[in-house]
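Close look at the chain arrangement
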Amino acid sequence: MAQQQLAAFLSELNLSEQRVNDALMGENVNTSVASEALQNLTRFVSENAPSLPAYELRRAHSEITKLKTRILDVEEKTRRQGKFKFTRTSKEKPTVGKPPPGCTEEKVKNVRVAEGLLPTLSGMKGETIIMDSQESSNKDIWLDNLEKSTIIIKGIPSALHVTHLNHCKIVGGPVQTSVFLEDCFRSTFVIGCQQMRIHKTKECDFYLHIGSRIIIEDCHACRFAPYDREYLGKEEEFNQAKLELAVNHWNSIDDFNWLSTEQSPNWSILPENERIQLQV
């Protein structure tokens, strides 16, 4: 790379880094804007990587890693402070929809309803739970530590946080804002949302209707397909969540562990002949 080209690259690199930092400073911190700026920065470095001196490429990669870590730190701090907390306002035990045959009241005893950062559903194995719209709409839902369970979410949650799932199936309509997943294994997710971030997740299938690019990090063998679930009231719910049915970025994935312009080995398109047909 010629000296003049390198100078232009470094100038743009510094501006891009500043855009990320600006979004994380002050009272109006916006991690979504920061993440989008970081995605643009990552693509910019990848596009110029073949012509960059090795030491400049290493420095750029190091800065990207630092910025990723900072965004995650800010998100975690924000969540802990309650700006993105998963809580219910009522202290009374909710009705979690009508359980399907064989699912007794005993099986839903782990529904957590409390103020603070407690999961909505936690510690279940081999259960099937239906959350009705009254319990989910305009609420922050947190599903944690579930195994071999199916959770059907009716209504329109404001946000969805999913952690430590093993061999589970999560089926829902649209989420108003973001879905955050971490430490999930061999599970299936059928959901609509504005944004999705997936961390430390392996061998999971995603059927998505999403309004922006998907971010994955420290993931392996994740497969993606379009959301094709049909149900009564679908169009109205997606309109309420401000998700256009005609616009879906289900196959636009940014892997924060893969800076090359080539396809990341950590995700793939789910083959059509392996896609499930949902009737719920």
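Note that residues are indexed from 1 along each chain, following the sequence as it is written. Only residues with pLDDT of 70 or above have their local features reported here, since the model is predicted, and side-chain atom pairs are shown and tallied only from 80 upward, although totals for entire chains, interfaces and linings are computed over all residues. The side-chain figures draw on all heavy atoms in the structure; neither hydrogens nor water molecules are used.

The chain appears in an unreviewed UniProt entry as Tubulin-specific chaperone C from Daphnia magna. UniProt positions are given in the numbering used here, feature names are shortened, and annotations may be inferred rather than shown by experiment. If you open the UniProt record of the chain and go to Sequence similarities (unreviewed entry), you find "Belongs to the TBCC family." The annotation that UniProt attaches to the chain under Subcellular location (unreviewed entry) is "Cytoplasm".

Counting 35 residues, the largest nonpolar core has L143, M196, F206 and F224 as its most contacted members. For this analysis, residues touch if any pair of their heavy atoms sits within 4.5 Å. Here F224 is in contact with I198, F206, L208, I214, I216, W250, I253, W267, S268, I269 and L270, once residues within four sequence places are set aside. A23, I71, V74 and F256 belong to the second largest nonpolar core, which has 22 residues in total. Residues enter a nonpolar core if they are buried and are Ala, Val, Leu, Ile, Met, Phe, Trp, Tyr or Cys, with the set joined through side-chain atoms within 4.5 Å. Any residue under 20% of the maximum accessible area for its type is buried, any over 50% is exposed, and the rest in between are partly exposed; the area is computed with a 1.4 Å probe on protein chains only.

Okay, the side chain of S122 next. Secondary structure elements are defined from DSSP: runs of H or I of at least 4 residues count as helices, runs of E of at least 2 residues count as strands, and each element is numbered from the N terminus. Looking at where S122 falls in the secondary structure, it is placed in strand β1 (residues 121-125). Whenever a nitrogen or oxygen atom comes within 3.5 Å of another N or O atom, the pair is scored as a polar contact, on the condition that within protein one atom can donate a hydrogen and the other can accept it, and that pairs from neighbouring residues in sequence are kept only if both atoms are in side chains. Here D144 takes part through its backbone oxygen, which lies 3.5 Å from a polar atom of the side chain of S122.

Let's shift gears to the environment of F238. Structurally, F238 can be placed in helix α5 (residues 234-240). Exposure remark for F238: the relative accessible area of 0% places this residue in the buried category. Each C-alpha atom, one on F238 and one on G192, is 8.1 Å from the other, the two residues being 46 residues apart in sequence. In this structure F238 touches P174, G192, H209, Y227, Y231, L243 and L245, once residues within four positions along its chain are discounted.

With that settled, the discussion passes to the sheet that holds strand β3 (residues 140-147). A pair of strands counts as paired when DSSP detects no fewer than two bridges linking them. Taken together, the 7 strands give an open sheet; going across it, the order is β1-β3-β5-β7-β9-β11-β13, and neighbouring strands pair in parallel fashion. Each edge of the open sheet carries a strand with a single partner, namely β1 and β13 (253-255). With strand direction ignored, the average angle separating the axes of adjacent strands in the sheet is 15 degrees. Note on geometry: axes are C-alpha line fits, over the in-contact stretch for helices, and angles between N-to-C directions span 0 to 180 degrees.

The subject of this paragraph is the confidence of the model for the chain. Confidence of the predictor at the level of single residues is captured by pLDDT, which takes values from 0 to 100. Per-chain confidence: the chain averages 81 in pLDDT, with 84% of residues scoring 70 or above. Here residues 83-117 scores under 50 on pLDDT; set against residues more than four positions off or in separate chains, the count is 76 contacts.

Before going further, it helps to spend a moment on the packing of aromatic side chains. For this analysis, a ring pair means two rings from Phe, Tyr or Trp (six-membered ring only for Trp) whose centres lie within 6.5 Å, classed as stacked if their planes differ by under 30 degrees, edge-to-face if by over 60, and tilted for the remaining angles. Evaluation of the coordinates by the stated rule reveals 5 aromatic pairs. Note on F189 and F206: the rings are 5.2 Å apart at their centroids and 15 degrees apart in plane angle, and the pair reads as stacked. Taken as a pair, F189 in strand β8 (residues 188-193) and F206 in strand β10 (residues 205-210) lie far apart in primary sequence, 17 residues in all. There is no split in this pair, since F189 and F206 are both buried. Counting every residue linked through ring pairs, the aromatic cluster contains F189, F206, F224 and W267.

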